[in-house]
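An overview of the molecular structure
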Amino acid sequence: MSEKTYLLLMTVVLGGLGAYIWKARTPAHANAALLAPPSALAKWPLTGAVTQRGPRGVTHISARDADGTDVDLIEFDFKANPKLKLELFDQDSDDKLPFDNSARYWGRNAAYVLTHESNQSGPLVAVCNGGPFDFNRNQSIDDAQHVTPVVVAGKAHFQHIQSDESQLWTFGIRKGTPHQFEVLLRPSVAQLEEFDYATGGVQCLLKNGELLHLEEPPSTKRWGRFKVPTTNDVGSLRRPDWTKTSRISLGWNRDGSKLWMLSIHDPEAEAASRTALSIRFRGYSNSSLPPIIGGWSVLDTQKFWKSQGAWGAVLVASGDFAQLAHRRADGQVDFVPSQVATRFWKTAAGRTRLVTAPNLKGAPTGGSALFYWTVRETK
């Protein structure tokens with residue numbers, strides 16, 4: 001046997017042995033024991049919740065889990081205050097070249113937007129992430145781009161963007177009906193024009209009061225692949241679906257008279273939970289598994305909305321950029337910053353909540369998203 005033939009044979013044998021060992025170590029079916037247990041607070045009513053009244057028609061409900069997860073639910077009652085209105089603020093709308101798909105976004109976090117975008121139209125009362133975006137890592141972390149279409153003030157932008165995120169659901173408010181919320185899967189350009197405000201790239205959790213199908217946890221090392229959803233699917237991102245992390249979600253009731261803004265703040269960074277989950281699916285013994293601390297999975301978020309009784313719900317953002325800011329009854333700003341922001345704040349590192357003066361005096365900046373869902377009390 002020649003040396004070349006021998007090396008080829010050994011390559012085949014060792015390759016087959018490696019595949020056998022990997023298969024033996026990787027569960028054939030998703031093992032629930034590998035996943036973190038369901039979050040204790042992912043059900044309604046929230047255990048140990050504190051309720052605070054905000055501006056007219058606004059109620060803030062908050063709770064903290066034993067693992068450090070902060071849960072904030074803000075209810076907007078449009079019957080109690082018809083002046084409340086859901087809008088989308090896009091940082092690409094007011095720079096030097098509006099809607100050129102390039103915006104310097106870092107400095108305007110949710111608290112900044114809450115204060116500085118309150119104008120002659122009326123004050124903002126709450127701000128949260130708008131949806132997924134990207135930034136040019138080869139140039140600057142402060143150069144952000146859209147990855148899905150958006151509709152701002154009745155005009156659609158970036159309708160022909162092609163990305164994984166653009167294959168997901170689109171959430172928005174129909175024109176002429178300020179509280180008619182709708183979720184469409186890959187809407188046409190004509191359908192986008194029927195929205196007043198909208199953004200793509202969301203996962204639809206609940207539609208017409210019913211849970212949409214969520215993919216089972218994958219069972220192989222290729223479990224991180226994106227899967228294009230159908231009309232009955234949540235829209236699977238695979239690995240991020242089962243990672244316990246921060247989440248921002250919107251829900252509403254059947255007649256659109258109430259909207260809820262939900263914030264889940266993970267006490268640890270997204271990468272920690274993602275790494276811990278990846279190790280579990282590679283078949284290591286339980287004694288070597290790192291803990292998964294805090295945060296919710298997509299399933300946790302979905303089950304919460306079902307138990308809460310929402311008619312519809314979407315997941316608009318997940319991970320380290322998730323953030324929430326709202327105005328309290330005393331005028332102060334309650335701010336749950338993003339994890340990515342606290343890494344850069346020497347004076348606020350590790351803090352999950354800030355309460356600041358209405359003008360944000362002394363509050364740190366940064367850790368922003370490209371665009372935000374906002375609720376304004378119109379004049």
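Residues numbered from 1 in each chain as written. Predicted model: local features only at pLDDT ≥ 70, side-chain atom pairs only at ≥ 80, totals over all residues. Heavy atoms only, no water.

1. Considering the packing of aromatic side chains
In the structure shown here, the tally under the stated rule is 16 aromatic pairs. Judged by centre distance (6.2 Å) and plane angle (25 degrees), the rings of Phe-171 and Phe-181 are stacked. Pair noted here: Phe-171 is in strand S10 (residues 169–174) and Phe-181 is in strand S11 (residues 181–185), with a separation of 10 residues, a long-range link. For Phe-181, a relative accessible area of 10% gives the class buried. When the ring of Phe-171 is compared with that of Trp-373, the centres are 5.3 Å apart and the planes differ by 70 degrees; the resulting orientation is edge-to-face. You can see Phe-171 sitting in strand S10 and its partner Trp-373 sitting in strand S20 (residues 371–377), a full 202 residues away along the chain. Here Phe-171 falls in the buried class, since its relative accessible area comes to 0%. Classification of Trp-373 by relative accessible area gives buried; the value is 0%. Among the aromatic residues, those joined into a ring-pair cluster are Trp-44, Trp-260, Trp-296, Phe-304 and Trp-305. (Phe/Tyr/Trp six-rings, centres within 6.5 Å; stacked < 30°, edge-to-face > 60°. Helix = DSSP H or I, 4+ residues; strand = E, 2+ residues; numbered from the N terminus. Buried < 20%, exposed > 50% of the residue type's maximum accessible area, 1.4 Å probe, protein only.)

2. So, the pattern of salt bridges
The full count for this structure, using the stated rule, is 13 salt bridges. With a closest N to O distance of 3.1 Å, Arg-108 and Asp-94 form a salt bridge. Placement of Arg-108 in the loop between strand S4 (84–90) and helix H2 (110–116) and of Asp-94 in the loop between S4 and H2 is noted, with a sequence separation of 14 residues between them. A relative accessible area of 39% means that Asp-94 is categorised as partly exposed. (Salt bridge = Lys/Arg side-chain N within 4 Å of Asp/Glu carboxyl O.)

3. Side note on the side chain of Ser-257
As for its placement among the helices and strands, Ser-257 is situated in the loop between strand S14 (247–252) and strand S15 (258–265). A polar contact is formed between the side chain of Ser-257 and the side chain of Asn-253, at a distance of 2.9 Å. (Polar contact = N/O pair within 3.5 Å; in protein donor to acceptor, adjacent residues only side chain to side chain.)

4. A closer look at the pairing of S15
Among the 8 residues of S15, 7 are classified as buried, and the element is accordingly described as predominantly covered. Relative to S15, strand S3 (residues 70–77) is paired through 8 bridges, and the arrangement is antiparallel. The residue bridging Phe-76 from the neighbouring strand is Leu-259, located in S15. Note that S14 and S15 share 6 bridges and pair antiparallel. Each bridged residue has a counterpart across the sheet, and for Trp-252 the counterpart in S15 is Leu-259. Following S14, the chain reverses through 5 residues before pairing antiparallel with S15; Gly-256 in that reversal takes a positive phi of roughly 75 degrees. (Pairing = 2+ DSSP bridges.)

5. Regarding empty space enclosed by the protein
Counted by the stated rule, this structure contains 2 cavities of 30 Å³ or more. Estimates place the volume of the largest cavity at around 40 Å³. Lining the largest cavity, in full, are His-213, Leu-214, Glu-215, Lys-227, Val-228, Pro-229, Asp-233, Val-234, Gly-235 and Ser-236. Considering only residue class, the lining of the largest cavity consists of 4 nonpolar, 3 polar and 3 charged. Computed from the structure, the second largest cavity encloses a volume of approximately 30 Å³. What lines the second largest cavity is simply Gln-52, Arg-53, Gly-54, His-60, His-326, Arg-327, Arg-328 and Ala-329. Contributing elements (two or more residues each) for the lining of the second largest cavity: strand S1 (50–53) and strand S17 (324–327). (1 Å grid on protein atoms, 1.4 Å probe; cavity = no way out; pocket = protein on both sides within 12 Å on 5 of 7 lines; lining within 4 Å. Points joined across faces, edges and corners; volume = space filled by probe spheres on them. Nonpolar A, V, L, I, M, F, W, Y, C, P; charged D, E, K, R; others polar.)

6. Focus on the layout of surface pockets
Space inside the largest pocket adds up to approximately 890 Å³. The wall of the largest pocket is formed by 32 residues, among which Pro-132, Phe-133, Glu-165, Glu-270 and Ser-318 lie closest to the centre. A per-element tally of the lining of the largest pocket places strand S16 (residues 312–318) first, with 4 residues.

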